[in-house]
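# Close look at the chain arrangement
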Amino acid sequence: MSMMQEKMYMDVDDVCAILGVSKTYAYSLMREYNKELKEKGYIVVAGKISTKFLAEKIYGMKVED
């Protein structure tokens with residue numbers, strides 16, 4: 001089972017590993033995506049990102065529950 005299938009939320013180290021980017025860039029993406037989720041009315045946690053939402057954003061696919 002892959003990392004994206006195991007966790008409900010990912011932290012910056014997970015995002016860095018999946019995307020192969022720096023922590024600075026990963027935090028920037030996470031802030032942007034969490035802002036988008038918050039505007040849609042979701043509760044967000046600083047320093048974490050929904051695994052499902054991240055998969056939808058970076059792979060352009062809908063992840064089934």
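Note that the coordinates shown come from a computational prediction; the quantities given were computed from them, not determined experimentally.

Reading guide: rules and limits
Residues numbered from 1 in each chain as written. Predicted model: local features only at pLDDT ≥ 70, side-chain atom pairs only at ≥ 80, totals over all residues. Heavy atoms only, no water. Helix = DSSP H or I, 4+ residues; strand = E, 2+ residues; numbered from the N terminus. Buried < 20%, exposed > 50% of the residue type's maximum accessible area, 1.4 Å probe, protein only. Phe/Tyr/Trp six-rings, centres within 6.5 Å; stacked < 30°, edge-to-face > 60°. Polar contact = N/O pair within 3.5 Å; in protein donor to acceptor, adjacent residues only side chain to side chain. Contact = heavy atoms within 4.5 Å.

## Concerning the environment of Asp13
By secondary structure assignment, the location of Asp13 is in helix α2 (residues 12-19). Judged by relative accessible area, which is 42%, Asp13 ranks as partly exposed. Asp13 sits 14 residues away from Tyr27 along the chain, and the two C-alpha atoms are 9.6 Å apart.

## Comments concerning the packing of aromatic side chains
Under the definition given, this model contains 1 aromatic pair. When the centroid spacing of 5.9 Å and the interplanar angle of 80° are considered together, the rings of Tyr33 and Phe53 count as edge-to-face. Linking Tyr33 in helix α3 (residues 23-39) with Phe53 in helix α4 (residues 51-59), this pair joins segments that are 20 residues apart in sequence. Exposure remark for Tyr33: the relative accessible area of 9% places this residue in the buried category.

## Here's the deal with α2
Those residues of α2 that sit buried are Val12, Asp14, Val15 and Cys16. Residue Asp11 occupies the N-cap position of α2, its side-chain oxygen lying 3.1 Å from the main-chain nitrogen of Asp13.

## A word on the side chain of Asn34
Note on placement: Asn34 falls in helix α3. Take Asn34: its relative accessible area is 9%, and that puts it in the buried class. Among residues more than four places away in sequence, those in contact with Asn34 are Val44, Val45, Lys48 and Ile49.

## Side note on the environment of Ile58
By the secondary structure assignment, Ile58 is in helix α4. With a relative accessible area of 26%, Ile58 lands in the partly exposed category. Distance from Ile58 to Leu19, taken between C-alpha atoms, is 8.8 Å for residues 39 residues apart in sequence. Excluding anything up to four places from it in sequence, Ile58 contacts Ile18, Leu19 and Tyr33.

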